[in-house]
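# Observations on chain architecture
Chain by chain, the residues:
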Amino acid sequence: MSTILMTKNKILDGRAISSAILSELKTKIHRLDGIPTLVAILVGDDPASKIYVSMKQKRAKEIGINTRVINLPASTSQEQLHETIQDLNEDKTVDGILLQLPLPQHLDSNQAIAIIDPNKDVDGLNYINFGKLHMGLEGFNPCTPLGVIEMLKRSDVKMEGKDAVVIGRSNLVGKPLARMLEMENATVTLCHSKTRNLKRYTEYADIVVSAVGKPQTITADMIKQGAVVVDVGISRTKNGLVGDVDFELVKLKASKITPVPGGVGPMTIAMLMSNTVNAFERRRYT
Ligand code: NAP
(Lines give C-alpha, C1' and ligand atoms only; values in the text may rest on other atoms or scores of the structure.)
Protein backbone atom coordinates (compact mmCIF):
# COMPACT_ATOMS: atom_id res chain seq x y z
CA MET A 1 0.00 0.00 0.00
CA SER A 2 1.38 3.43 -0.87
CA THR A 3 2.31 5.84 1.92
CA ILE A 4 -0.27 8.33 0.61
CA LEU A 5 -3.08 5.77 0.84
CA MET A 6 -1.96 4.63 4.30
CA THR A 7 -1.99 8.24 5.51
CA LYS A 8 -5.40 8.83 3.92
CA ASN A 9 -6.93 5.82 5.70
CA LYS A 10 -5.56 7.10 8.94
CA ILE A 11 -7.42 10.38 8.80
CA LEU A 12 -10.88 10.35 10.34
CA ASP A 13 -12.49 12.61 7.77
CA GLY A 14 -15.30 14.40 9.59
CA ARG A 15 -16.38 16.25 6.46
CA ALA A 16 -16.89 13.05 4.47
CA ILE A 17 -18.63 11.19 7.31
CA SER A 18 -20.90 14.13 8.11
CA SER A 19 -21.84 14.59 4.49
CA ALA A 20 -22.86 10.90 4.32
CA ILE A 21 -25.00 11.40 7.45
CA LEU A 22 -26.57 14.58 6.07
CA SER A 23 -27.47 12.86 2.84
CA GLU A 24 -29.11 9.99 4.78
CA LEU A 25 -31.05 12.56 6.79
CA LYS A 26 -32.15 14.36 3.61
CA THR A 27 -33.65 11.13 2.28
CA LYS A 28 -35.34 10.49 5.62
CA ILE A 29 -36.78 14.02 5.82
CA HIS A 30 -38.18 13.64 2.30
CA ARG A 31 -40.29 10.72 3.55
CA LEU A 32 -41.66 12.48 6.65
CA ASP A 33 -45.20 13.80 6.62
CA GLY A 34 -44.04 17.29 7.58
CA ILE A 35 -40.95 19.46 7.79
CA PRO A 36 -38.85 19.57 10.98
CA THR A 37 -38.27 23.08 12.31
CA LEU A 38 -35.23 24.25 14.23
CA VAL A 39 -35.16 27.66 15.91
CA ALA A 40 -31.88 29.23 17.01
CA ILE A 41 -31.72 31.96 19.63
CA LEU A 42 -28.79 34.29 19.17
CA VAL A 43 -28.18 36.85 21.92
CA GLY A 44 -25.84 39.76 21.15
CA ASP A 45 -23.39 40.32 18.31
CA ASP A 46 -20.61 37.79 18.89
CA PRO A 47 -19.15 37.35 15.35
CA ALA A 48 -18.14 33.69 15.89
CA SER A 49 -21.63 32.81 17.18
CA LYS A 50 -23.18 34.46 14.12
CA ILE A 51 -20.97 32.36 11.85
CA TYR A 52 -21.83 29.15 13.73
CA VAL A 53 -25.57 29.86 13.52
CA SER A 54 -25.40 30.65 9.82
CA MET A 55 -23.41 27.43 9.17
CA LYS A 56 -26.08 25.43 11.00
CA GLN A 57 -28.83 27.19 9.03
CA LYS A 58 -27.06 26.44 5.76
CA ARG A 59 -26.72 22.74 6.51
CA ALA A 60 -30.33 22.57 7.71
CA LYS A 61 -31.60 24.21 4.53
CA GLU A 62 -29.58 21.84 2.36
CA ILE A 63 -31.31 18.81 3.82
CA GLY A 64 -34.82 20.25 4.10
CA ILE A 65 -35.04 21.38 7.73
CA ASN A 66 -36.85 24.70 8.32
CA THR A 67 -34.86 27.17 10.39
CA ARG A 68 -35.57 30.44 12.09
CA VAL A 69 -33.18 32.67 14.01
CA ILE A 70 -34.38 34.86 16.85
CA ASN A 71 -31.89 37.69 17.28
CA LEU A 72 -32.01 39.22 20.76
CA PRO A 73 -30.00 42.31 21.74
CA ALA A 74 -26.96 41.93 24.02
CA SER A 75 -28.94 43.87 26.66
CA THR A 76 -31.60 41.11 26.92
CA SER A 77 -32.45 40.24 30.52
CA GLN A 78 -32.57 36.71 31.93
CA GLU A 79 -36.38 37.03 32.22
CA GLN A 80 -36.75 38.15 28.59
CA LEU A 81 -34.60 35.23 27.46
CA HIS A 82 -36.71 32.80 29.50
CA GLU A 83 -39.91 34.26 28.00
CA THR A 84 -38.56 33.73 24.48
CA ILE A 85 -37.70 30.12 25.32
CA GLN A 86 -41.14 29.55 26.91
CA ASP A 87 -42.85 30.87 23.76
CA LEU A 88 -40.85 28.40 21.65
CA ASN A 89 -41.61 25.57 24.09
CA GLU A 90 -45.32 26.21 23.55
CA ASP A 91 -45.10 26.77 19.79
CA LYS A 92 -46.35 23.54 18.20
CA THR A 93 -44.59 24.34 14.92
CA VAL A 94 -41.15 24.20 16.61
CA ASP A 95 -39.34 20.85 16.96
CA GLY A 96 -35.90 21.93 18.14
CA ILE A 97 -34.60 24.89 20.15
CA LEU A 98 -30.95 25.85 19.97
CA LEU A 99 -29.57 28.47 22.36
CA GLN A 100 -26.31 29.59 20.79
CA LEU A 101 -23.53 29.81 23.40
CA PRO A 102 -21.72 31.66 24.82
CA LEU A 103 -24.29 34.14 26.12
CA PRO A 104 -23.34 37.69 27.14
CA GLN A 105 -21.72 37.65 30.58
CA HIS A 106 -24.70 38.93 32.56
CA LEU A 107 -26.82 35.94 31.47
CA ASP A 108 -26.78 32.51 33.12
CA SER A 109 -26.72 29.86 30.41
CA ASN A 110 -27.46 26.95 32.78
CA GLN A 111 -30.64 28.63 34.00
CA ALA A 112 -31.74 29.36 30.43
CA ILE A 113 -30.99 25.83 29.20
CA ALA A 114 -32.98 24.44 32.13
CA ILE A 115 -36.07 26.24 30.76
CA ILE A 116 -35.88 24.53 27.35
CA ASP A 117 -38.48 21.78 26.93
CA PRO A 118 -36.36 18.57 27.19
CA ASN A 119 -38.23 17.20 24.16
CA LYS A 120 -37.04 20.18 22.08
CA ASP A 121 -33.54 20.30 23.59
CA VAL A 122 -31.70 19.21 20.42
CA ASP A 123 -28.36 20.33 21.88
CA GLY A 124 -28.86 17.79 24.67
CA LEU A 125 -27.72 20.18 27.37
CA ASN A 126 -30.81 20.38 29.59
CA TYR A 127 -30.29 18.68 32.99
CA ILE A 128 -33.16 16.24 32.30
CA ASN A 129 -31.39 14.94 29.18
CA PHE A 130 -28.07 14.99 31.02
CA GLY A 131 -29.61 12.87 33.79
CA LYS A 132 -31.17 10.50 31.26
CA LEU A 133 -27.78 9.95 29.63
CA HIS A 134 -26.25 9.05 32.96
CA MET A 135 -29.13 6.72 33.83
CA GLY A 136 -29.04 5.01 30.43
CA LEU A 137 -32.47 6.35 29.44
CA GLU A 138 -33.40 7.62 26.00
CA GLY A 139 -33.09 11.39 25.60
CA PHE A 140 -31.15 13.92 23.57
CA ASN A 141 -27.38 13.72 23.85
CA PRO A 142 -25.01 16.66 23.28
CA CYS A 143 -23.99 16.96 19.63
CA THR A 144 -20.19 17.03 19.91
CA PRO A 145 -19.74 13.84 21.98
CA LEU A 146 -22.47 12.20 19.93
CA GLY A 147 -20.51 13.17 16.81
CA VAL A 148 -17.31 11.66 18.21
CA ILE A 149 -19.01 8.33 18.95
CA GLU A 150 -20.74 8.26 15.55
CA MET A 151 -17.46 9.01 13.80
CA LEU A 152 -15.69 6.17 15.64
CA LYS A 153 -18.52 3.73 14.86
CA ARG A 154 -18.58 4.64 11.18
CA SER A 155 -14.80 4.28 11.00
CA ASP A 156 -14.91 0.77 12.48
CA VAL A 157 -13.10 1.77 15.64
CA LYS A 158 -13.98 -0.83 18.26
CA MET A 159 -14.61 0.72 21.66
CA GLU A 160 -15.62 -2.34 23.67
CA GLY A 161 -12.90 -3.43 26.09
CA LYS A 162 -10.62 -0.58 25.03
CA ASP A 163 -8.89 1.84 27.39
CA ALA A 164 -10.10 5.35 26.59
CA VAL A 165 -8.83 8.62 28.01
CA VAL A 166 -10.91 11.79 27.73
CA ILE A 167 -9.17 15.05 28.54
CA GLY A 168 -11.56 17.84 29.58
CA ARG A 169 -14.60 17.48 31.82
CA SER A 170 -17.05 20.13 30.59
CA ASN A 171 -20.79 19.45 30.51
CA LEU A 172 -20.67 20.24 26.79
CA VAL A 173 -18.04 17.68 25.76
CA GLY A 174 -15.85 15.79 28.23
CA LYS A 175 -18.32 14.53 30.83
CA PRO A 176 -21.01 13.28 28.42
CA LEU A 177 -18.37 11.81 26.12
CA ALA A 178 -16.80 9.84 28.98
CA ARG A 179 -20.25 8.42 29.77
CA MET A 180 -20.95 7.60 26.11
CA LEU A 181 -17.62 5.78 25.73
CA GLU A 182 -18.39 3.85 28.89
CA MET A 183 -21.79 2.93 27.40
CA GLU A 184 -19.85 1.51 24.43
CA ASN A 185 -18.05 -0.67 27.00
CA ALA A 186 -14.73 1.15 26.94
CA THR A 187 -12.91 1.60 30.25
CA VAL A 188 -12.71 5.35 30.63
CA THR A 189 -10.38 7.71 32.48
CA LEU A 190 -11.47 11.35 32.64
CA CYS A 191 -8.59 13.83 32.95
CA HIS A 192 -8.66 17.58 33.59
CA SER A 193 -6.50 20.55 34.52
CA LYS A 194 -5.72 19.13 37.97
CA THR A 195 -4.63 15.75 36.62
CA ARG A 196 -1.05 15.12 37.67
CA ASN A 197 1.09 13.81 34.83
CA LEU A 198 -1.38 13.52 31.96
CA LYS A 199 1.07 11.41 29.98
CA ARG A 200 0.82 8.65 32.58
CA TYR A 201 -2.79 8.10 31.41
CA THR A 202 -2.54 8.86 27.70
CA GLU A 203 0.53 6.75 26.92
CA TYR A 204 -1.28 3.46 27.61
CA ALA A 205 -4.64 4.44 26.10
CA ASP A 206 -6.12 2.80 23.01
CA ILE A 207 -8.35 5.83 22.40
CA VAL A 208 -7.43 9.40 23.38
CA VAL A 209 -9.91 12.24 23.04
CA SER A 210 -8.72 15.75 23.83
CA ALA A 211 -11.30 18.47 24.56
CA VAL A 212 -9.23 21.17 26.21
CA GLY A 213 -8.80 24.10 23.83
CA LYS A 214 -5.01 24.48 24.20
CA PRO A 215 -2.64 23.75 21.31
CA GLN A 216 0.07 21.12 21.90
CA THR A 217 -1.73 19.53 24.86
CA ILE A 218 -1.13 16.13 23.22
CA THR A 219 2.33 15.49 21.82
CA ALA A 220 3.70 12.37 20.13
CA ASP A 221 5.54 11.12 23.24
CA MET A 222 2.19 10.91 25.06
CA ILE A 223 0.63 8.51 22.57
CA LYS A 224 0.92 4.73 22.19
CA GLN A 225 1.80 3.34 18.76
CA GLY A 226 -1.48 2.52 16.99
CA ALA A 227 -3.76 4.56 19.28
CA VAL A 228 -6.86 6.33 17.95
CA VAL A 229 -6.63 10.08 18.58
CA VAL A 230 -9.62 12.41 18.43
CA ASP A 231 -9.05 16.15 18.67
CA VAL A 232 -12.09 18.14 19.78
CA GLY A 233 -10.14 21.28 20.69
CA ILE A 234 -10.29 24.43 18.61
CA SER A 235 -7.91 27.34 19.11
CA ARG A 236 -7.59 30.37 16.88
CA THR A 237 -3.92 31.15 16.23
CA LYS A 238 -2.13 33.39 13.77
CA ASN A 239 -1.75 30.28 11.60
CA GLY A 240 -5.49 29.65 11.59
CA LEU A 241 -7.56 27.10 13.52
CA VAL A 242 -5.63 24.39 15.37
CA GLY A 243 -6.60 21.59 17.71
CA ASP A 244 -5.08 20.32 20.97
CA VAL A 245 -2.97 17.67 19.25
CA ASP A 246 0.43 18.05 17.61
CA PHE A 247 -1.14 16.61 14.46
CA GLU A 248 1.89 16.13 12.18
CA LEU A 249 3.94 14.14 14.70
CA VAL A 250 1.10 12.30 16.44
CA LYS A 251 -0.18 11.19 13.02
CA LEU A 252 2.99 9.13 12.60
CA LYS A 253 2.11 7.00 15.65
CA ALA A 254 -1.68 6.95 15.61
CA SER A 255 -3.67 4.33 13.72
CA LYS A 256 -6.43 6.89 13.21
CA ILE A 257 -6.56 10.61 13.91
CA THR A 258 -8.92 13.54 13.35
CA PRO A 259 -7.68 16.74 11.70
CA VAL A 260 -8.60 20.27 12.82
CA PRO A 261 -10.45 21.66 10.98
CA GLY A 262 -12.42 18.96 9.20
CA GLY A 263 -12.66 16.42 12.01
CA VAL A 264 -15.10 16.68 14.90
CA GLY A 265 -16.54 20.10 13.90
CA PRO A 266 -18.62 18.90 10.91
CA MET A 267 -19.82 15.91 12.96
CA THR A 268 -21.25 18.27 15.60
CA ILE A 269 -23.46 19.98 13.01
CA ALA A 270 -24.57 16.65 11.52
CA MET A 271 -25.64 15.46 14.99
CA LEU A 272 -27.62 18.65 15.57
CA MET A 273 -29.54 17.90 12.37
CA SER A 274 -30.01 14.29 13.42
CA ASN A 275 -31.34 15.34 16.85
CA THR A 276 -33.75 17.77 15.16
CA VAL A 277 -35.16 15.04 12.92
CA ASN A 278 -35.45 12.76 15.97
CA ALA A 279 -37.28 15.53 17.86
CA PHE A 280 -39.75 15.86 14.98
CA GLU A 281 -40.33 12.10 14.85
CA ARG A 282 -40.75 11.75 18.61
CA ARG A 283 -43.29 14.57 18.72
CA ARG A 284 -45.31 13.14 15.83
CA TYR A 285 -45.01 9.41 16.18
CA THR A 286 -44.67 8.59 19.88
P1 NAP B 1 -14.09 24.07 28.63
O2 NAP B 1 -15.43 24.15 29.23
O3 NAP B 1 -13.18 25.26 28.71
O4 NAP B 1 -13.34 22.81 29.26
C5 NAP B 1 -11.98 22.58 29.06
C6 NAP B 1 -11.55 21.40 29.90
O7 NAP B 1 -10.17 21.22 29.70
C8 NAP B 1 -11.77 21.59 31.41
O9 NAP B 1 -12.36 20.43 31.95
C10 NAP B 1 -10.35 21.80 31.95
O11 NAP B 1 -10.17 21.25 33.23
C12 NAP B 1 -9.53 21.01 30.95
N13 NAP B 1 -8.16 21.49 30.88
C14 NAP B 1 -7.72 22.77 30.77
N15 NAP B 1 -6.38 22.80 30.72
C16 NAP B 1 -5.97 21.51 30.82
C17 NAP B 1 -4.69 20.90 30.84
N18 NAP B 1 -3.57 21.62 30.74
N19 NAP B 1 -4.64 19.55 30.95
C20 NAP B 1 -5.76 18.81 31.05
N21 NAP B 1 -6.99 19.35 31.03
C22 NAP B 1 -7.09 20.68 30.92
O23 NAP B 1 -14.16 23.74 27.08
P24 NAP B 1 -15.23 22.86 26.23
O25 NAP B 1 -16.45 23.65 26.03
O26 NAP B 1 -15.32 21.48 26.79
O27 NAP B 1 -14.43 22.81 24.85
C28 NAP B 1 -13.14 22.23 24.78
C29 NAP B 1 -12.54 22.55 23.44
O30 NAP B 1 -13.34 21.93 22.43
C31 NAP B 1 -12.52 24.04 23.07
O32 NAP B 1 -11.39 24.29 22.30
C33 NAP B 1 -13.74 24.22 22.21
O34 NAP B 1 -13.62 25.30 21.30
C35 NAP B 1 -13.78 22.90 21.48
N36 NAP B 1 -15.10 22.50 21.02
C37 NAP B 1 -15.17 22.03 19.77
C38 NAP B 1 -16.39 21.60 19.26
C39 NAP B 1 -16.46 21.08 17.88
O40 NAP B 1 -17.54 20.95 17.34
N41 NAP B 1 -15.32 20.74 17.27
C42 NAP B 1 -17.53 21.66 20.05
C43 NAP B 1 -17.42 22.10 21.37
C44 NAP B 1 -16.19 22.51 21.85
P45 NAP B 1 -10.89 21.83 34.56
O46 NAP B 1 -12.29 21.26 34.52
O47 NAP B 1 -10.08 21.32 35.68
O48 NAP B 1 -10.89 23.33 34.43
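Residues numbered from 1 in each chain as written. Predicted model: local features only at pLDDT ≥ 70, side-chain atom pairs only at ≥ 80, totals over all residues. Heavy atoms only, no water.

### Digging into the side chain of aspartate 244
Inclusion rule: Helix and strand labels come from DSSP, where a helix needs a run of H or I of at least four residues and a strand needs a run of E of at least two; each type is numbered from the N terminus. Buried residues are those whose accessible area, probed at 1.4 Å on protein chains only, stays under 20% of the maximum for their type, while exposed residues exceed 50% and partly exposed ones sit between those limits. In this tally, Asp and Glu contribute negative charge and Lys and Arg positive charge; neither His nor the terminal groups of the chain are included. Every case where a carboxyl oxygen of Asp or Glu lies within 4 Å of a side-chain nitrogen of Lys or Arg is listed as a salt bridge. Polar contacts here mean pairs of N or O atoms no more than 3.5 Å apart (in protein, one a potential hydrogen donor and the other a potential acceptor; neighbouring residues in sequence count only if both atoms are side-chain atoms). Two residues form a contact once any of their heavy atoms are found within 4.5 Å.
Mapped onto the secondary structure, aspartate 244 falls in the loop between strand S9 (240-242) and helix H10 (247-250). Of the side chains with opposite charge, lysine 214 lies nearest to the buried aspartate 244, which makes no salt bridge, at 9.2 Å. Within the structure, the side chain of aspartate 244 is placed 2.8 Å from the backbone nitrogen of valine 212, a separation counted as a polar contact. Side-chain polar atoms of aspartate 244 contact the backbone nitrogen of lysine 214, separated by 3.0 Å. Once residues lying within four places of it in the same chain are set aside, the contact partners of aspartate 244 are Ser210, Ala211, Val212, Gly213, Lys214, Pro215, Gln216, Thr217, Ile218, Asp231 and Gly233.

### Looking at the confidence of the model for the chain
How we decide: Confidence of the predictor in every single residue is expressed as pLDDT, which spans 0 to 100.
Chain-level pLDDT for the chain is 96 on average; 97% of the residues reach the 70-or-more range. Here residues 1-6 scores under 50 on pLDDT; set against residues more than four positions off or in separate chains, the count is 2 contacts.

### Focus on the sheet that holds strand S2 (residues 66-72)
Going by this rule: Only when DSSP finds a minimum of two bridges between them are two strands counted as paired. Angles run from 0 to 180 degrees between N-to-C directions of axes, and those axes are lines fitted to C-alpha atoms, restricted for helices to the stretch in contact.
Here we have 3 strands laid out as an open sheet, ordered S2-S1-S3, and parallel in their pairing. Lying at the two open borders of the sheet, with one neighbouring strand each, are S2 and strand S3 (96-99). With direction set aside, neighbouring strand axes in the sheet form an average angle of 20 degrees. Across the sheet, helix H4 (residues 78-90) lies against strand S1 (37-43), S2 and S3, angled at about 175 degrees from S1, the strand it touches most.

### Some points on the nonpolar core
If you look at soluble globular proteins, the nonpolar side chains tend to sit buried side by side. Our working definition: Among the buried residues, those of types Ala, Val, Leu, Ile, Met, Phe, Trp, Tyr and Cys that are joined through side-chain atoms within 4.5 Å form a nonpolar core. Here the bounds of each domain stem from an automatic or database domain assignment.
Within the largest apolar cluster, 50 residues are counted, with the highest numbers of intra-cluster contacts made by Ile65, Leu152, Leu181, Val230, Val232 and Met273. A per-element tally of this core places helix H11 (residues 264-285) first, with 10 residues. Of the residues that make up this core, three or more belong to each of domain 1 (33-117) and domain 2 (143-265). Contacts of methionine 273, omitting those with residues within four sequence positions, involve Leu22, Leu25, Leu38, Lys56, Arg59, Ala60, Ile63 and Ile65. One finds Val39, Leu81, Leu88 and Leu99 within the second-largest nonpolar core, a separate group that totals 17 residues.

### Description of the layout of surface pockets
We apply this condition: Here a cavity is any set of points on a 1 Å grid over the protein atoms alone where a 1.4 Å probe fits but cannot get out, and a pocket is any open set with protein on both sides within 12 Å along at least 5 of 7 lines; a residue lines the site when it has an atom within 4 Å of a point. Grid points are joined across faces, edges and corners, and a volume is the space filled by probe spheres set on the points. Polar here means any residue outside two lists: the nonpolar Ala, Val, Leu, Ile, Met, Phe, Trp, Tyr, Cys and Pro, and the charged Asp, Glu, Lys and Arg; Gly therefore counts as polar.
The volume enclosed by the largest pocket comes to roughly 1500 Å³. If you trace the largest pocket, you find 48 residues lining it, with Tyr52, Thr144, Ile234, Gly265 and Thr268 closest to the centre. Contributing elements (two or more residues each) for the lining of the largest pocket: helix H2 (14-31), helix H3 (47-63), S3, helix H7 (143-154) and H11. Grouping the constituent residues of the lining of the largest pocket by class yields 27 nonpolar, 12 polar and 9 charged.

### Comments concerning the site of the ligand
Cut-off, in case you're wondering: Each residue is tested against the molecule or strand, and it is near if at least one of its non-hydrogen atoms lies within 4 Å. Per-residue and other accessible areas were derived by the Shrake-Rupley procedure at a 1.4 Å probe size, with only the shown protein chains allowed to occlude residues.
Around the ligand, the structure places 19 residues, and the nearest of them are Arg169, Ser170, Ser193, Ile234 and Thr268. Histidine 192 is positioned such that a nitrogen or oxygen atom in its backbone is 3.5 Å from a nitrogen atom of the ligand. A distance of 2.6 Å is found between an oxygen atom of the ligand and a side-chain nitrogen or oxygen belonging to serine 193. Within the complex, the protein chains bury 68% of what would otherwise be the 920 Å² of accessible surface of the ligand. The element best represented in the shell around the ligand is H11, accounting for 3 residues. Partitioned by chemical class, the residues of the shell around the ligand number 8 nonpolar, 9 polar and 2 charged.

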